[in-house]
Amino acid sequence: EVPQWPVIYFEVLSLDFWQRYRVEGYGSAVLPHTPGMHEIAAQTWRPVELGIVSELRRFFIGGSPELEDITYVRTPGTFQGERLSRFGFRTETTGKVTFRFHSIHQSRAFLDSSSLRKRMQSVLDRLGGSSQQSSILNVLDAFQRARRRMQLARESLPKAILTTSKTSLEQSTA
């Protein structure tokens with residue numbers, strides 16, 4: 001199951017000399033499906049109101065109609081149904097924005113299990129994974145055996161030898 005492919009939603013704003021801002025456009029771009037360098041041109045549009053008054057207000061006062069939910073640029077996140085109707089929603093084309101992407105893919109969801117297994121096996125082979133792992137296990141096993149032998153040897157020694165060696169050690173450090 002492939003997850004939904006990522007989309008970039010964007011809003012283009014302008015700020016004039018008198019610190020008035022306007023929405024110049026909205027758009028979206030689907031991220032490239034292949035890794036590497038990509039250049040994508042995305043068309044922009046903005047909502048408009050009918051009449052010259054709204055255009056004069058936009059020019060002299062600033063501000064303009066804005067979207068509450070930027071996902072409305074494509075399919076809104078709240079939409080549930082088969083057909084999305086934008087009848088009566090007036091827009092104006094405002095230009096395009098060009099993006100330059102350098103992308104890589106890091107999701108395991110895009111790999112099938114056989115290619116993932118092959119890739120992991122090749123990594124283990126390059127690292128010498130199986131031989132390295134077995135040698136580590138051999139060292140740990142040898143350490144455990146040596147530790148057990150040392151504990152058995154210590155338990156089998158008479159207590160008199162242990163106390164004399166302990167006192168001689170204390171005398172040599174003093």
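Residues numbered from 1 in each chain as written. Predicted model: local features only at pLDDT ≥ 70, side-chain atom pairs only at ≥ 80, totals over all residues. Heavy atoms only, no water.

## Focus: the overall build of the protein
Part 1: Within the protein, the secondary structure is distributed over four helices and four strands.
Part 2: In sequence order, the secondary structure elements of the protein are arranged as β-β-β-α-β-α-α-α.
Part 3: A fraction of 61% describes how many contacts in the protein between residues 6 or more apart in sequence connect residues 24 or more apart.
Part 4: Taken as a whole, the protein presents about 14200 Å² of accessible surface, with 57% of it coming from carbon and sulfur. (Helix = DSSP H or I, 4+ residues; strand = E, 2+ residues; numbered from the N terminus. Contact = heavy atoms within 4.5 Å. Areas by Shrake-Rupley, 256 points an atom, 1.4 Å probe, with all protein chains shown as cover.)

## Some points on the nonpolar core
Part 1: Grouped together as the largest cluster of nonpolar side chains are five residues: Val23, Tyr26, Trp45, Leu67 and Val73.
Part 2: Residues within four places of Leu67 in sequence aside, it is in contact with Tyr26, Trp45, Pro47, Tyr72, Val73 and Phe89. (Core = buried A, V, L, I, M, F, W, Y, C linked by side-chain atoms within 4.5 Å. Buried < 20%, exposed > 50% of the residue type's maximum accessible area, 1.4 Å probe, protein only.)

## A word on a nonpolar patch on the surface
Part 1: Side chains of Ile52, Val53, Leu56, Phe59, Phe60 and Ile61 sit close together on the surface and give an oily, nonpolar patch of about 670 Å² of accessible area.
Part 2: When you line up the elements, Val53 lands in helix α1 (residues 52-60). (Patch = residues over 30% accessible without salt bridge, like charges linked within 9 Å, V, L, I, M, F, W, Y side chains within 5 Å. Salt bridge = Lys/Arg side-chain N within 4 Å of Asp/Glu carboxyl O.)

## Focus on the pattern of salt bridges
Part 1: As enumerated under the stated definition, the model contains eight salt bridges in all.
Part 2: The salt bridge involving Arg22 is made with Asp16; its shortest N-O contact spans 3.4 Å.
Part 3: The buried category is assigned to Asp16, whose relative accessible area is 19%.
Part 4: Between Glu49 and Arg57 there is a salt bridge, with the nearest N and O atoms lying 3.2 Å from each other.
Part 5: Residue Arg57 is classed as partly exposed on the basis of its relative accessible area of 40%.
Part 6: Taken together, the shared-partner salt bridges in this structure form one network comprising Asp16, Arg20 and Arg22.

## A few points about the environment of Arg145
Part 1: Along the chain, Arg145 falls in helix α3 (residues 129-156).
Part 2: Here Asp141 takes part through its side chain, which lies 2.8 Å from a polar atom of the side chain of Arg145. (Polar contact = N/O pair within 3.5 Å; in protein donor to acceptor, adjacent residues only side chain to side chain.)

## Let's talk about the side chain of Thr44
Part 1: Inspection of the secondary structure assignment puts Thr44 in strand β3 (residues 36-47).
Part 2: Polar side-chain contacts of Thr44 include one of 2.8 Å to the side chain of Thr94.
Part 3: Look past the residues within four positions of Thr44 in its chain and what remains in contact with it is Phe10, Val12, Gly25, Tyr26, Glu92, Thr93, Thr94, Gly95, Lys96 and Val97.

## Section: the side chain of Ser64
Part 1: As for its position among the elements, Ser64 is in the loop between α1 and β4 (91-103).
Part 2: Engagement of the side chain of Ser64 in a polar contact is seen with the backbone nitrogen of Val23, the distance being 3.2 Å.
Part 3: Ignoring sequence-local partners within four residues, the contact set of Ser64 consists of Arg22, Val23 and Arg58.

## A word on the packing of aromatic side chains
Part 1: Tallied over the entire structure, the rule returns seven aromatic pairs.
Part 2: With 5.4 Å between their ring centres and 90° between their planes, Phe17 and Trp18 make a pair best called edge-to-face. Judged on exposure class, the residue Phe17 and its partner Trp18 are both exposed.
Part 3: Feature note: the residues Tyr26, Trp45, Tyr72 and Phe89 constitute an aromatic cluster, connected by ring pairs. (Phe/Tyr/Trp six-rings, centres within 6.5 Å; stacked < 30°, edge-to-face > 60°.)

## Concerning the confidence of the model for the protein
Part 1: Summing up the model confidence of the protein, the mean pLDDT is 78 and the portion of residues at 70 or higher is 74%.
Part 2: Of all the helices and strands in the protein, helix α2 (residues 113-127) carries the lowest mean pLDDT, 57, while β3 carries the highest, 92. (pLDDT = per-residue confidence, 0-100.)

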